[in-house]
Amino acid sequence: MSSPTSTPGRKRGRDGNPATREFCSTIPKMFLPNEVDMSSPLMYGTPSSRVEGTPRSSVRGTPARQRPDLGSVRKAPQVDLHSEPPSADGAVASEPNAGQRLVIWGTDVNVGTCKEKFQRFLQRFIDPTATEDENAGLDLNEPLYMQKLEEISVVGDPVLNVNCLQVQSFDAELYRQLICYPQEVIPTFDMAVNELFFERFPDSILEYQIQVRPYNALKTRNMRSLNPEDIDQLITISGMVIRTSQLIPEMQEAFFQCQVCAYSTRVEVDRGRIAEPAVCRHCNNTHSLALVHNRSAFSDKQMIKIQESPEDMPAGQTPHTTIVYAHNDLVDKVQPGDRINITGIYRAVPMRVSPIQSNVKSVYKTHIDAIHFRKTDEKRLHGLDEDAEQKLFTEDRVQTLKELAAKPDVYERLSSALAPSIYEHEDIKKGILLQLFGGTRKDFSQTGRGNFRAEVNILLCGDPGTSKSQLLQYVFNLVPRGQYTSGKGSSAVGLTAYVMKDPETRQLVLQTGALVLSDNGICCIDEFDKMSDSTRSVLHEVMEQQTLSIAKAGIICQLNARTAVLAAANPVESQWNPKKTTIENIQLPHTLLSRFDLIFLMLDPQDEAYDRRLAHHLVSLYYQSEEQIEEEFLDMAVLRDYIAYARTYINPRLSEEASQALIEAYVDMRKIGSGRGMVSAYPRQLESLIRLAEAHAKVRFSEKVETIDVEEAKRLHREALKQSATDPRTGFVDISILTTGMSATARKRKEEVAQALKKLIQAKGKTPAMKYQQLLDDLRGQSETAITKELFDEALRSLADEDYLTVTGKTVRLLA
Amino acid sequence: NVTTAYCNPKSGWEAKVVEFFKDRLKEKDAHTWVPSLNDVPLHYLKPNSLVKFRCLIQDMFDPEFFMGAYETVDPSTNVLRCGRYKDVTECGVDFNSRNTVTAERQTFYCVPIPGENPWVKEISSSSRVVPSTSYAPTRQKRSYEEDDMDDMDTQPQKQREPHSASQGHTEQHGNGDCKRQETEAPSSQTASASHLDLNFPLPGEKGPSCLVKVYEDWDSFKLNDTLEVFGILSVSPALSALADEKDASSSILDPTESMETAEEQRVHSPPASLVPRLHMLYARPLPHNNPLLPSATLEDNSAFLSSTLSEMASVRAELLTYLTHVLLGDALAAEYLILHLISNVYARRDVLPLGKFAMNLSGCPAAALYTQRFYQIIQQLVPSSFYLGMSLQNMNQMRLVPKKDYVANRLVSGALQLARNTFLFLDETHLEQGQLDTTGVRNVTALGNLISWQKVDYDFNYHQMEFPCNINVLIASEGRSLLPSDCQIHLQSQVSPPNMEEYLSNIQLHPQTSSQLNKFRIYLSVARQLDYSISDEMTKSVEDDFVDMRKDDPQSVSAEDLHRMLVVARLLSLSLGQTSLTRDSWLRAKHIDMLRRSRMEQHQCVNGNEP
């Protein structure tokens, strides 16, 4: 079975072995190549085995498939010149009787032990922290990976994804070896899996042998932290795909045929080079062998460029990019624009100045051979993004954050750390703070209501020049996934999504707009009032259902847009008119307004004490030194981490007392109104209260919503209402201003006028038709309060609705 | 001679080398002995010698791994060699040596400071001490041979001898290119730009761009930083050979090589004759690029500082007279112009940039290209500036915002990629009616963002990234500008319309002597860099003032007005050379702001314009 062609290569592997790596073997004695048991399963993916399909001891008949993701061993500069997959040449089975530990050349990996350990891992590992949704359909109390093997036998997809973290928790030593020597250890894993698999399912037929794909190597690093020490190690980095190349067929093995005697031979491609045999072994003619392209073996390869995610970048620097090679079935798995986590082996290859010259540019080219892709935004489309979003917090950081959370005044501290350059408006800042934390996600899809909105929407309205935009800018800068648009400059399409033809592929692609891009973030919309009506109408769906439906150019879909909206609006008449209601001031449809949890007014209070504080604040803002500033306020980075931590790890639930308090609060709110025949609260307000209370619990890092949270939510909600839903005529808070666009007193007044009009007409006796103007004058003469034309028109309309009369032009006719 | 001592690239070991150079350069005037890439043509510079380069970091490439130390294959010369500060290894490298050390370095693409005015270039090149062996314009051929001699020192065996003839040829060729570019600058610039875009932020810029290799501490550099880089020049012809032979050699056997697109190749390894490599030893961040100021920071140079400070008030008066003359006899506008010219973003509180003072000079006469003439005068005063005519065509076509080109993997520059304290002159008088297309709208938004937040959102295709900047924006317009500004002042011409033509043509002459001009230049740069503080008593009195003003009429003064008045007061004090606010300056600031506002109201009444 040992093919003659591979022998010289193996020899080279031994003799010229430079071993830049540490040589960890306790006994450097190497077996001669022919002493190695070639029937050992260690013969991983050698050409002979593939061609002849020779059954191996344990793996019957299923062909192994080359793994160019690992196999391009020979490309690494300082790696030993193994001409064979590493496990095949230097590796030696353990010899217990000799009592010596034999390891793969250049590593401290003992194949036997490693295999055993991994099999043990597969057979025994039960994930203690597993949750139901992550492993749908799997029994959590049974060994996880055995179930996965079973799945493979049923589905027939011979890929086993292994979570490195689980390996680590099971056997730290094995994990270390996997990270340090992936190209030796992973084939060993493959072997172990296949043995195990075919033992258990001897009859199953797979396309090729199972390949192990580890992912989630502990150090999910960002690209910036990669350094020369990571070369040839297993790494996981996250990034965004910016470009993918065409498929490249890469020759794995060249097929030569002798022109004289038709003797054929195969040569493996070594570091991108083919060692063309000069002499035919059969007829001994020199230079008679010719390459036959279509009998050579090729594998698919694709170059992918990834770029650092914008979140990982320090300010003022440009993002780094890295080249990734995807092989075989990983080709075309990702598209430009995808955010992915890649697990792979980091490689460095020297660059030649030219093939002829011996001088080398002293620079290496680096790339990653991808072993596993994990799209992070794919999960975003489907549901909660658990670990994709997970920013890694160091122990210290978590400790500081927890200490901060334990302080009794953490809520005040955080809110004052928010946009310190903006003066006062404490309640608004608190509202925005709660918005940043958001409520708890709840899923009621079983009961048919779908997702409850967890995001808090806030509208700021008020005089121009009250730093609304600045607040929006600040929030936009603070959150990782924020979008900032201006109402004037955005179209419905720009906010939602649009279909366009990709110039390269000529395919229709969906380009997402600001709202979709800010999924799980905050969408800041400035000049909300300047937005056109059609644009605003798309917000309806987003702000309550948190989805976006698109039906355009044959693409019908629903996208998630779980975004919190922070909007700012100016009053219609450049200055806020305190005599008018909110609706009248900003001229927004009440259907939209009722979707905001909190509506704040930012007004210029115009009193002396305030002015003095403001002046002091501004002057100190301008003339404080940098250090003072830092002392005084929490760092923006701390705040950002605090929010990120709370958002990922804290999911508060309502406690019993809290739910009682909420019920009471709601009932109270309803009572206020019912006394005056008004409705002062709707279920939507209750939902707002719940969200706010949850967010407040998150601020405290508490897993339980308690009464204090409800109290604060109530207070804040009341404050916001007091500001925005006060009926200017009566001075009472009237929620119907926001929900129906008209205060209850106004509605009552309309009713009265209509009744008075009806009486007037009835008093006139049987006149079928009347002049409009005269009727108005008569009514005015009769009524003691002023009657505007609008009021009169409305009264007429309501009578027309009763089918009492009809208005045609300038005449009013009675019906019936 | 200090420079020759530096020429040997193997003078020491890493940290020590850097220390050594730093120390030597600190010596009095030592840095003036180093030839500068900015003013010495590339072919006059000796390869592998120490040069300096005054530049702006335009783009940051990916970090690269290189052989920090390596062994050669040939056992007879088998010594450990150092790969630092070099692009190409010598002899054959033994890839399998266990002594190979892989190290990391970062590459920055640097361009000369955009918009640097001619007088800056003139003065800085003339201040250089000329005699230096590496600067040998008369013996160009000879200098190359010398270089060869140097090489021999470092290479015990002359392996490169057989190649040297061909290398000499390439070198010559490269030189020829350079020379042509140097002599017939404008025409050949466009020609060479067609095959190699040097990516200057502003159109019509000249000068070498450079790939600067940074060996340590590269995280401390930021995009758009201005630096003076001291480093070893590398123009190895092998680097250009790389690009040429690439196409021929790429084949199926070497798929890694064909991965990089041709564009990327061109950008990341351009011919060294056009874009030399500079291996950084040491870089000095430039707080300003005014060559008239001593290079040490102001704090370190108290003698200079005190002498300028004492003169400041008088220079200011002179400058005011001159600018009043330029601004058609409008003293108030001239006063504001001075404040604008010395404004500077000195801090940022979260998103709010402090100290910015974008000015809108409205009421500019459209006649006789007044705005252009005005700009030419400013150009004489500030170290770097850019004139952007806001015509429809310009707005729709110009690239203002830098954009990432993923095919070539570089940041394609835009006109708003400017160094700090660049003076940006927006001429709105050229604007006519018409439609802005998408690019136009984006450009106007970018300008608006620049003015209000002092930041530019660079376009990374899949996302945007925000880069803070510090640019003085002056908008010249006839009516109120369509862009926001911190302060608008309406020009009140003291010249009657019939005399305008004549008056304007007189302005063009520079009424001052060059020494006076230099005084102005120094004055503006120094005033901008002064520290400033405000005492507690002044804080109190400012607060009182504000409360009083609001008491009389709450509508008259808003928080925004206070913001502006504080900036005006700051700039006013600095313009007089005072480093803390005094009662007088505050009152004066209030006074001129009031004058300005009343003028605007007047103007509004006349014009009937909405605010």
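As the structure is a computational prediction, the values presented were derived from the model and not from experiment.

The rules we used
Sequence order as written defines the numbering, with residues in each chain counted from 1. The lettering of chains begins at A and the numbering of ligands begins at 1, in the order of writing. Per-residue local features are limited, in this predicted model, to residues with pLDDT of at least 70; the limit for side-chain atom pairs, both in listing and counting, is 80 or more; totals at the level of whole chains, interfaces and linings are taken over all residues. Only hydrogens and water are set aside when side-chain values are computed; all heavy atoms of the structure are taken into account. Every helix listed is a DSSP run of H or I at least four residues long, and every strand listed is a run of E at least two residues long, numbered separately from the N terminus. Whether two residues touch is decided by their heavy atoms; if any such pair falls within 4.5 Å, the residues are in contact. For the area figures, the Shrake-Rupley method with a 1.4 Å probe applies, and any residue is considered shielded solely by the protein chains shown. Exposure categories follow from relative accessible area, calculated using a 1.4 Å probe and restricted to protein chains: below 20% of the type maximum is buried, above 50% is exposed, and the middle band is partly exposed. In this description, a disulfide is simply a cysteine sulfur pair whose atoms lie within 2.5 Å. Pairing of aromatic rings covers Phe, Tyr and the six-membered ring of Trp, with a centre-to-centre limit of 6.5 Å; geometry is then stacked below 30 degrees between planes, edge-to-face above 60, and tilted otherwise. Here, the term nonpolar core denotes a set of buried Ala, Val, Leu, Ile, Met, Phe, Trp, Tyr and Cys residues that are joined through side-chain atoms within 4.5 Å. What fixes the domain bounds is an automatic or database domain assignment. By buried area we mean how much accessible surface two parts lose on assembly, using a 1.4 Å probe and totalling the loss over both. The pairing criterion is simple: DSSP has to find at least two bridges between the two strands. What counts as an axis is a line fitted to C-alpha atoms, over the stretch in contact for a helix, and the angles between N-to-C directions run from 0 to 180 degrees. For this analysis, a polar contact is any N or O atom pair within 3.5 Å, provided that within protein one partner can donate a hydrogen and the other can accept it, and provided that sequence-adjacent residues contribute only side-chain to side-chain pairs. pLDDT is a residue-level measure of predictor confidence that goes from 0 to 100. Salt bridges are identified by distance alone: a Lys or Arg side-chain nitrogen within 4 Å of an Asp or Glu carboxyl oxygen.

Novice: Quick question: what am I supposed to make of the overall build of chain B here?
Specialist: Scanning chain B from terminus to terminus reveals 20 helices and 18 strands. A sequence separation of at least 24 residues applies to 78% of the contacts in chain B between residues at least 6 apart. Within the structure as shown, chain B displays about 25,100 Å² of accessible surface, and the carbon and sulfur contribution to it stands at 52%.

Novice: I tried to follow the overall build of chain A on my own but got confused; where do I start?
Specialist: In terms of regular secondary structure, chain A is built from 29 helices and 26 strands. Relative to its 816 residues, chain A shows a buried fraction of 54%. The long-range fraction of contacts in chain A, counting pairs at least 24 apart against all pairs at least 6 apart in sequence, stands at 69%. Carbon together with sulfur atoms contributes 50% to the accessible area of chain A, which is approximately 35,800 Å² in total.

Novice: Please explain the state of the cysteines as it appears in this structure.
Specialist: In a disulfide, the sulfur atoms of two cysteines are covalently bonded to one another. Residues and elements named next belong to chain A. Tallied over the full model, the rule gives zero disulfides over all chains. The thiol of C261 is not disulfide-bonded; the next cysteine sulfur, from C283, is found 3.4 Å away. Given the relative accessible area of 26%, C261 is considered partly exposed.

Novice: Honestly, the packing of aromatic side chains in this entry has me stumped. Any pointers?
Specialist: Working definition: an aromatic ring pair is given by the centre-to-centre distance plus the angle between the planes. Residues and elements named next belong to chain B. Counting across every chain of the model gives 25 aromatic pairs over all chains. Considering the side-chain rings of Y375 and Y387, the 5.3 Å spacing of their centres and the 50° angle between planes classify their relative orientation as tilted. Here the residue Y375 occupies a position in helix α13 (residues 370–381), and Y387 occupies one in strand β11 (residues 385–389), the gap between them amounting to 12 residues. By relative accessible area, Y375 is classed as buried at 8%. Seen from their ring centres, Y375 and F425 are 5.7 Å apart, and the 50° between their planes marks the pair as tilted.

Novice: What should I look at first to understand the nonpolar core in this one?
Specialist: Among soluble globular proteins, nonpolar side chains are generally buried collectively. The biggest cluster of nonpolar side chains holds 83 residues, and the ones touching the most others in it are L319, L327, Y336, L337, L361, F374 and W586 of chain B. Look past the residues within four positions of F374 of chain B in its chain and what remains in contact with it is V326, L327, L337, L361, F425 and L474 of chain B. Counting residues in each nonpolar core, the second largest holds 60 residues, with L434, Y474, M602 and V699 of chain A among its members.

Novice: When you look at the domain arrangement of chain B in this model, what are you seeing that I'm missing?
Specialist: Residues and elements named next belong to chain B. One can read the domain layout of chain B as domain 1 (13–129 + 200–236 + 272–285), domain 2 (299–526) and domain 3 (531–610). For domain 2 and domain 3, the distance between their C-alpha centres works out to 22 Å. The interface is formed by 25 residues belonging to domain 2 together with 20 residues belonging to domain 3. Across the interface of domain 2 and domain 3, roughly 2,100 Å² is buried in total on both sides, 62% from carbon and sulfur atoms.

Novice: Help me understand the sheet that holds β11 of chain B, please; the structure alone is not making it clear to me.
Specialist: Strand-to-strand pairing in sheets goes through backbone hydrogen bonds, with the strands running parallel or antiparallel. Residues and elements named next belong to chain B. Taken in spatial order, the five strands line up as β11-β14-β17-β10-β18 in an open sheet, and their pairing is parallel. The open sheet terminates on both sides in strands that have one partner only, identified here as β11 and β18 (487–490). Across the sheet, the mean angle from the axis of one strand to that of its neighbour is 20°, orientation sign disregarded. Across four bridges, strand β10 (residues 359–362) lies against β18 in parallel orientation. Among the inter-strand pairings, M359 is bridged to a residue of β18, identified as C487.

Novice: Help me out: how do you make sense of the side chain of K356 of chain B in this one?
Specialist: All names here are of chain B. Following the sequence through the fold, K356 ends up in the loop between β9 (352–354) and β10. Here the side chain of K356 touches I451 through a polar contact of 3.1 Å, landing on its backbone oxygen. Polar side-chain contacts of K356 include one of 3.3 Å to the backbone oxygen of S452. Setting aside chain neighbours within four positions, we find K356 in contact with N344, V345, I451, S452, Q454, D486 and V567.

Novice: For this particular structure, what's the right way to read helix α8 (residues 172–180) of chain A?
Specialist: Two residues of an α-helix separated by three or four positions point the same way, owing to the 3.6 residues in each turn. Buried within α8 of chain A we find L174, Y175, Q177, L178 and I179 of chain A. Where α8 of chain A is buried, its residues meet α5 (111–124), α7 (164–170), α9 (182–200), β2 (211–215) and β4 (234–258) of chain A.

Novice: So what exactly am I meant to see when it comes to the pairing of β10 of chain B here?
Specialist: Looking along a regular strand, one sees the side chains alternate between the two faces of the sheet. Residue and element names in this part refer to chain B. Every second residue of β10 is oriented toward a common face, with M359 and L361 on one face and N360 and S362 on the other, all of them buried. Inspection of the sheet shows β10 paired to strand β17 (residues 471–476) by three bridges, in the parallel sense. Bridging from a neighbouring strand, M359 pairs with L474 of β17.

Novice: What is the right way to read the confidence of the model for chain B from this model?
Specialist: All names here are of chain B. Per-residue confidence for chain B averages 73 on the pLDDT scale, and 73% of its residues sit at or above 70. When the elements of chain B are averaged for pLDDT, helix α6 (residues 161–183) gives the smallest value, 36, and β17 the largest, 90. pLDDT under 50 marks residues 242–258. Its contacts with residues more than four places away, or in other chains, come to 22 contacts. Below a pLDDT of 50 lies the segment residues 606–611, which in the model reaches three contacts outside its immediate sequence neighbourhood of four places, other chains included.

Novice: Explain unusual backbone geometry to me, please; I cannot follow it from the model alone.
Specialist: Among all residues save glycine, negative phi is the norm, and among peptide bonds the norm is trans. All names here are of chain B. Phi angles above zero are rare outside glycine, and N224 is one such case at about 75°. Summarising the element assignment, N224 is placed in the loop between β5 (210–214) and β6 (226–234). On the basis of relative accessibility, which here comes to 10%, the residue N224 falls in the buried class.

Novice: Looking at this structure, I do not really get the pattern of salt bridges. What am I missing?
Specialist: When their charged atoms lie close together, side chains carrying opposite charge are able to pair. Residues and elements named next belong to chain B. Applying the stated rule across the entire model yields 27 salt bridges over all chains. With a closest N to O distance of 3.9 Å, D545 and R583 form a salt bridge. Of this pair, D545 sits in helix α18 (residues 536–552) while R583 is found in helix α20 (residues 583–607), placing the two residues 38 residues apart along the sequence. Residue class for R583 comes out partly exposed when judged on its relative accessible area of 36%. In this structure, D593 and R596 form a salt bridge, with 3.4 Å as the shortest nitrogen-oxygen distance. Here D593 and its partner R596 are both found in helix α20, three residues apart, which amounts to about one turn of the helix. For D593, a relative accessible area of 1% translates into the label buried. Here R596 falls in the buried class, since its relative accessible area comes to 3%. Salt bridges sharing partners connect three or more residues here, namely D561, R564, D593, R596 and R597.

Novice: Would you mind going over the pairing of strand β20 (residues 564–569) of chain A with me for this structure?
Specialist: Residue and element names in this part refer to chain A. Counting buried positions along β20 gives six out of six residues, so the element sits mostly inside the fold. With burial as the criterion, each face of β20 is covered, one bearing A564, L566 and A568 and the other bearing V565, A567 and A569. When strand β13 (residues 458–462) meets β20, the two strands line up parallel, connected through four bridges. Directly across from L459, in β20, lies its bridge partner A567. Bridging between strand β17 (residues 522–526) and β20 involves four bridges; their strand directions are parallel. Following the sheet pairing, I522 is matched in β20 by A564.

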